[in-house]
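Here is what each chain is made of, one letter per residue.
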Amino acid sequence: MSRPTDVVSARSRLRPRDTVRVAFSGLRARPLRAVLSALGIAVGIAAMVAVVGISASSREQVNQQLDALGTNLLTVAPSQSFVSEAQLPQESVDMVARLDDVTSVSAVGIVPDAAVYRSDEIDPNQTNAIAVSAARTDLLDTVSATVASGRWLDDVLSAFPVVVLGSETAELLGISRTDGEVQVWLGGEWFTVAGVLDPVPLAPELDTSALIGWPAAESLLGFDGAPTTVYQRVAEGAIDEVRTLLPATVDPAAPEEVAVSRPSDALAAQAATDETLTTLLLALGGVALLVGGIGVANTMVIAVLERRSEVGLRRALGATRAHIRRQFLGESVLLAALGGGGGALLGGAATAAFASSREWPFALPVWVLAGAAGATIVVGALAGAYPAARAARMPPTAALSAV
Amino acid sequence: MRVTTAKPVIRLRDVHRRYPGRPPVRALDGVSLSVAPGELVAIVGPSGSGKSTLLNILGTLDRADAGEVRIDGRDVATLSDKQLSALRAHRIGFVFQQFFLSPGVTALDNVADGLLYTGLSLRERRRRAARTLARVGLADRTHHRPNELSGGQRQRAAVARALVGRPSFLLADEPTGALDSASGAAVLKLLHELHDGGTTVIVITHDHGVAAELPRQVHILDGRIESDETLEPAQGGSYGTGGDAGPEVPPSRRSRPLAEWSEGGDAV
Ligand SMILES: Nc1ncnc2c1ncn2[C@@H]1O[C@H](COP(=O)(O)OP(=O)(O)O)[C@@H](O)[C@H]1O
Ligand SMILES: [Mg+2]
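Residues numbered from 1 in each chain as written. Chains lettered and ligands numbered in written order. Predicted model: local features only at pLDDT ≥ 70, side-chain atom pairs only at ≥ 80, totals over all residues. Heavy atoms only, no water.

Side note on the overall build of chain B
For step 1, the next point in the chain: Scanning chain B for helices and strands turns up eight helices and 11 strands.
For step 2, the next point in the chain: Relative to its 268 residues, chain B shows a buried fraction of 55%.
For step 3, the next point in the chain: Summed over all atoms, the accessible surface of chain B reaches about 11,400 Å², with 49% contributed by carbon and sulfur. (Helix = DSSP H or I, 4+ residues; strand = E, 2+ residues; numbered from the N terminus. Buried < 20%, exposed > 50% of the residue type's maximum accessible area, 1.4 Å probe, protein only. Areas by Shrake-Rupley, 256 points an atom, 1.4 Å probe, with all protein chains shown as cover.)

Here's what the structure looks like:
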């Protein structure tokens, strides 16, 4: 065979790195247009990232709260189907304390027919939703409650007409002083306000209670000593087991009249209810992304029309159709990626700003970023597919003569 | 007689190309042409005579409807689009009337783009581009952008881009068409120098003045080759670039037979 340094073996070849370089130079030639059409993608991605980021941050907030509060608190109360004034047997607390896996127990008992007023001059018919409850001194530890101001009931105070208010109760009554100077009219007696609690996420019913000592309730208000809610902390591994044991333990005579609940479940469920809204917003972000993708496709179609002579030149320099297609496809994907990157940053910033305004932790799952990157590449490839194919199909002669 | 001794880089036999229309345009109507390595050929003809069509076919940018086209010994009809691209990447250098330089890119990178589709690294492409720029006299303009170059310099950069891949031949379509006469002369001088260095160059032009400077002139009219004349070299072997060839020594002309296919196809 003669000289032809085989034309067929000396292939036309564009390195992957050069494909990217060529695609990038196409964008750089018209920076404003690139930025504007990337903006459409950025808005879509930013919306989606922010929606997921904010809901993840909210969930993270709940998780951290649950971590701090513990998920091993069980609450026992008379089942709701029964009479509203239902009570538990007096010996409930002792019975529960005897269970192996129960680490601490406490209880409150609503004092029937007792109400609390700012003063004795207020019309007794003007009832509020405040429950007067007798509380055991170990209540705070068991339900992870904290005192906002003043002090909690101890063994001594429990015997005197002293009250500690739940956070909402204090607000309703308009009381913030806890220095022993303020008294409230409670069940026909004057009680001194010794403290106010912080909100109790695991026992929100305490927020609307006025808590007095167990002995004081019995001696001053004729309380019969029967608890209405028993709180217990359970060893982590034994929660389900204890849960099934509790009804019969509390009320062997009528276990079906006892309801056991796990307040941390309610908190978690509350976080989950956001999910419908999240999905809706996510869909809106998806629509924005789609519109952004159409913008990119439009830009690419125009770019191909404008750059016919460039395509012709490249074919003359030895580019194959595939090289031309890859160039424009690469350009489209880069354009979308530019928008995607900017959008992810924007969405992340929005999440951070929102989370910090609510004092939530910042959480942005990695899968969101991976998903944003993936969505961007798919959108860019779809948007670029037709224009790129069109550029590749252009005959090099037509491309060159159209000047 | 350098024409017949070496194996031709280009051989056309009875090539036809018509464009659809009413009536169809016979842009090429039975063209036969052979170009040997090292030749400097002008293809001359008035506007509409089929020069650009011929250029497209010589450059494998377009295919003939009928007839045989052999480029570098290969029968173009048997090559796929991908193989034709490879042929252009490695064997053919194009120079266009409008230069087609990328505006935002330095002369060096424009020239390096001549090697873009050969798969060489950017470093190597730039190294060769710098060397080629020096060869066309633009060593001091390496980092200028096209808008910082004169028209003549732009076309020289475009020639360098066509040259950088060491193609079998250069195809120049009206290379002086967009230039003033001084710049045009400089570009022609460059083509002569390349020719003297052994490069095969085919210049397409409607300008008889330009054609007259080149050693071989193929006249085309209405898609047919009217005449094919070779100017016998004067003693120096250089044409039109200097004034030393006095008027009393008129260059002799030799008519060349249109088809030189007696020896038959030998490629592949
Ligand atoms: N794409 C085309 N479609 C139809 N007719 C064409 C096309 N290109 C060129 N022609 C016609 O073919 C003839 C030769 O054109 P061309 O090769 O461009 O000539 P030149 O370059 O010598 O001016 C002209 O009559 C021109 O109008
Ligand atoms: Mg023309």
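Things to note about a positive patch on the surface
For step 1, the next point in the chain: A cluster of like positive charges, contributed by A:R11, A:R13, A:R325, A:R326 and B:K82, occupies part of the molecular surface.
For step 2, the next point in the chain: Inspection of the secondary structure assignment puts A:R326 in helix α11 (residues 321-357). (Patch = residues over 30% accessible without salt bridge, like charges linked within 9 Å, V, L, I, M, F, W, Y side chains within 5 Å. Salt bridge = Lys/Arg side-chain N within 4 Å of Asp/Glu carboxyl O. Lys, Arg positive; Asp, Glu negative; His and termini not counted. Charge placed at Lys NZ, Arg CZ, Asp CG, Glu CD.)

Details of helix α2 (residues 51-58) of chain B
Residues and elements named next belong to chain B.
For step 1, the next point in the chain: For α2, the tally of buried residues reaches seven of eight residues, placing the bulk of the element in the interior.
For step 2, the next point in the chain: Inspection of α2 places K51, T53, L54, L55, N56, I57 and L58 among the buried residues, and these make up the whole buried set.
For step 3, the next point in the chain: Two residues or fewer past α2, T60 is found with a positive phi of approximately 60°.

Here we look at the site of ligand 1
Residue and element names in this part refer to chain B.
For step 1, the next point in the chain: In the vicinity of ligand 1, the contacting residues are Y19, V25, A27, P46, S47, G48, S49, G50, K51, S52 and T53.
For step 2, the next point in the chain: Between ligand 1 and the protein, one listed contact pairs an oxygen atom with a backbone N or O atom of G48 at 2.6 Å.
For step 3, the next point in the chain: Contacts to ligand 1 include K51, whose side-chain N or O atom sits 2.9 Å from an oxygen atom.
For step 4, the next point in the chain: In isolation ligand 1 has 560 Å² of accessible area, and contact with the protein removes 58% of it.
For step 5, the next point in the chain: Contributions of two or more residues to the shell around ligand 1 are made by β2 (25-35) and α2.
For step 6, the next point in the chain: Among the elements that take part in the shell around ligand 1, α2 stands out by supplying three residues, more than any other. (Near = heavy atom within 4 Å. Polar contact = N/O pair within 3.5 Å; in protein donor to acceptor, adjacent residues only side chain to side chain.)

Comments concerning the sheet that holds strand β1 (residues 10-19) of chain B
All names here are of chain B.
For step 1, the next point in the chain: Taken together, four strands build an open sheet; the order of strands is β2-β1-β4-β5 and the sheet is antiparallel. Looking at strand neighbours, the two that pair on one side only are β2 and β5 (74-75), the edges of this open sheet.
For step 2, the next point in the chain: Across the sheet, α2 is in contact with β1, β2 and β4 (66-71); its angle to β1 comes to roughly 125°. (Pairing = 2+ DSSP bridges. Contact = heavy atoms within 4.5 Å. Axes fitted to C-alpha atoms, helices over the stretch in contact; angles between N-to-C directions.)

Remarks on the interface of chain B and chain A
For step 1, the next point in the chain: Contacts between chain B and chain A engage 34 residues on the former and 33 residues on the latter.
For step 2, the next point in the chain: Broken down residue by residue, the surface that chain B buries against chain A is led by B:R74, B:F100 and B:Y117, which jointly contribute 24%.
For step 3, the next point in the chain: Seen at the junction of chain B and chain A, the total is three salt bridges.
For step 4, the next point in the chain: One salt bridge connects B:D81 with A:R321, and the closest N-O pair in it is separated by 3.7 Å.
For step 5, the next point in the chain: Where chain B meets chain A, there are 10 residue pairs in polar contact (both at pLDDT 80 or more). (Buried area = accessible area lost by both parts, 1.4 Å probe.)

Topic: the packing of aromatic side chains
Residues and elements named next belong to chain A.
For step 1, the next point in the chain: Following the criterion strictly, the structure yields five aromatic pairs over all chains and no others.
For step 2, the next point in the chain: Geometrically, the ring pair formed by W214 and F223 is edge-to-face, given 5.3 Å between the ring centres and 75° between the ring planes. Just as W214 is buried, F223 falls in that class too.
For step 3, the next point in the chain: With 5.8 Å between their ring centres and 70° between their planes, F354 and W360 make a pair best called edge-to-face.
For step 4, the next point in the chain: Exposure remark for F354: the relative accessible area of 30% places this residue in the partly exposed category. (Phe/Tyr/Trp six-rings, centres within 6.5 Å; stacked < 30°, edge-to-face > 60°.)

Concerning the UniProt feature "domain: ABC3 transporter permease C-terminal" (unreviewed entry) in chain A
For step 1, the next point in the chain: UniProt marks residues 284-396 of chain A with the feature "domain: ABC3 transporter permease C-terminal" (unreviewed entry), using the numbering shown here.
For step 2, the next point in the chain: Across residues 284-396 of chain A, helical content stands at 88% and strand content at 0%; the span's end C-alpha atoms are separated by 43 Å. (UniProt positions renumbered as here; feature names shortened; annotations may be inferred.)

Describing the confidence of the model for chain B
Residue and element names in this part refer to chain B.
For step 1, the next point in the chain: Chain-level pLDDT for chain B is 85 on average; 84% of the residues reach the 70-or-more range.
For step 2, the next point in the chain: Note that pLDDT drops below 50 for residues 235-252; the model gives that stretch 14 contacts with residues more than four away or on any other chain.
For step 3, the next point in the chain: Contacts for the low-pLDDT stretch residues 257-268, under 50 throughout, to residues beyond four places or in other chains number 21 contacts.
For step 4, the next point in the chain: Here the prediction assigns the complex a pTM of 0.75, and the interface score ipTM is 0.86. (pLDDT = per-residue confidence, 0-100.)

Concerning the pairing of strand β6 (residues 162-165) of chain A
Residue and element names in this part refer to chain A.
For step 1, the next point in the chain: The two faces of β6 match: V162 and V164 on one face and V163 and L165 on the other face are all buried.
For step 2, the next point in the chain: Sheet topology places β6 next to strand β8 (residues 189-197); four bridges connect them, and they run parallel. Bridge pairing in β8 places V163 opposite V193.
For step 3, the next point in the chain: In this structure, β6 lies alongside strand β9 (residues 209-213), joined through three bridges in antiparallel fashion. The partner of V163 across the bridge, within β9, is I212.

Side note on the domain arrangement of chain A
For step 1, the next point in the chain: Split by domain assignment, chain A resolves into domain 1 (17-66 + 268-401) and domain 2 (73-262).
For step 2, the next point in the chain: Each of domain 1 of chain A and domain 2 of chain A was reduced to a C-alpha centroid, and the two centroids are 56 Å apart. (Domains from an automatic or database assignment.)

So, the pattern of salt bridges
Residue and element names in this part refer to chain A.
For step 1, the next point in the chain: The full count for this structure, using the stated rule, is 27 salt bridges over all chains.
For step 2, the next point in the chain: Its salt-bridge partner being E331, residue R307 comes within 2.8 Å of it at the nearest N-O pair. With a gap of 24 residues between them, R307 in the loop between α9 (275-306) and α10 (308-317) and E331 in helix α11 connect regions that are remote in the sequence. E331 carries the same exposure label as R307, and that label is buried.

Describing a nonpolar patch on the surface
Residues and elements named next belong to chain A.
For step 1, the next point in the chain: Together, L32, L36, L39 and V43 line one region of the surface with nonpolar side chains, adding up to about 410 Å² of accessible area.
For step 2, the next point in the chain: Among the secondary structure elements, L39 is positioned in helix α2 (residues 31-69).
For step 3, the next point in the chain: The class of L39 is partly exposed, set by a relative accessible area of 46%.

Thoughts on the packing of helix α6 (residues 151-163) of chain B against helix α7 (residues 181-196) of chain B
All names here are of chain B.
For step 1, the next point in the chain: Closest axis-to-axis distance for the α6/α7 pair is 9 Å, and the angle between their directions is 25°. By the angle between their axes, α6 is roughly parallel relative to α7. For α6 against α7, the interelement crossing comes out right-handed. Contacts between α6 and α7 involve G152, Q155, R156, V159 and L163 from the former and S183, V187, L190, L191 and L194 from the latter.
For step 2, the next point in the chain: Among the residues making up the contact of α6 with α7, the classes are represented as six nonpolar, three polar and one charged. (Parallel < 35°, antiparallel > 145°, perpendicular 65-115°, else oblique. Left-handed = near helix turned anticlockwise from the far one by under 90°. Nonpolar A, V, L, I, M, F, W, Y, C, P; charged D, E, K, R; others polar.)

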